[in-house]
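The primary structure of each chain is shown beneath.
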Amino acid sequence: MLHTLTRSPWQMDFSAFIRSLSSGDDVLLIQDGVVAGVNGSAYLDLLLQAPISVHALHNDIIARGLVGQISTAIDRVSYNDFVRLAIKHPSQMNW
């Protein structure tokens, strides 16, 4: 399943989000969701402990001025990569 996180982790039930993840899922951080990938945050630690792949839309990282603050453990993707993830996962959940 592809999970798209569009909201800041401070404005949602992040623990419910983490509980919903399954092995092999992909998570795409977009819009304000990219702040979950900031180095040193508890949200990043939770994402990296889950058995998933984490990606972040590069344009949204740039738009929020977070280029130097996003963990290198997160795969930065383009809009084309976003489409590839959507094709890969017929089931999707937006958070």
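This text goes with the structure placed above it.
All values derive from a computational prediction rather than experimental measurement. (Residues numbered from 1 in each chain as written. Predicted model: local features only at pLDDT ≥ 70, side-chain atom pairs only at ≥ 80, totals over all residues. Heavy atoms only, no water.)

Points about the pairing of strand β3 (residues 53–57)
Part 1: For β3, the tally of buried residues reaches 4 of 5 residues, placing the bulk of the element in the interior.
Part 2: By the bridge criterion, 4 bridges tie strand β2 (residues 26–29) to β3 in an arrangement that is parallel. Note that in β3 the partner of L28 across the bridge is H55.
Part 3: Considered for its hand, the β-α-β crossover made up of β2, helix α2 (residues 42–49) and β3 is right-handed.
Part 4: Here 3 bridges tie β3 to strand β4 (residues 75–77), and the two strands are oriented parallel to one another. (Buried < 20%, exposed > 50% of the residue type's maximum accessible area, 1.4 Å probe, protein only. Helix = DSSP H or I, 4+ residues; strand = E, 2+ residues; numbered from the N terminus. Pairing = 2+ DSSP bridges. Right-handed = clockwise from strand over helix to strand, strands pointing away.)

Considering the pairing of β2
Part 1: Here β2 shows two buried faces, one formed by D26 and L28 and the other by V27 and L29.
Part 2: For the crossover from strand β1 (residues 2–5) across helix α1 (residues 14–19) to β2, the handedness is right-handed.

As for α2
Side chains of residues three or four places apart in an α-helix project in the same direction, reflecting 3.6 residues per turn.
Part 1: Within the span of α2, buried status applies to Y43, L44 and L47. Down the axis of α2, the buried side of the element spans an arc of 100°, and every buried residue falls inside it. Those residues of α2 that are exposed and angled more than 90 degrees off the buried face are A42 and Q49.
Part 2: Buried-residue contacts for α2 involve α1, β2 and β3. (Arc of directions from axis to C-beta. Contact = heavy atoms within 4.5 Å.)

Observations concerning the sheet that holds β1
Part 1: Pairing in this open sheet of 5 strands is parallel, and the strands run β4-β3-β2-β1-β5 from one edge to the other. The sheet terminates laterally at β4 and β5 (92–94), the two strands that pair on one side only. Ignoring which end each strand starts from, the neighbouring axes of this sheet average 25° apart.
Part 2: Seen against the sheet, helix α4 (residues 79–88) touches β1, β2, β3, β4 and β5 and runs at an angle of roughly 145° to β2. (Axes fitted to C-alpha atoms, helices over the stretch in contact; angles between N-to-C directions.)

These values are about where atoms sit, not about what they do.
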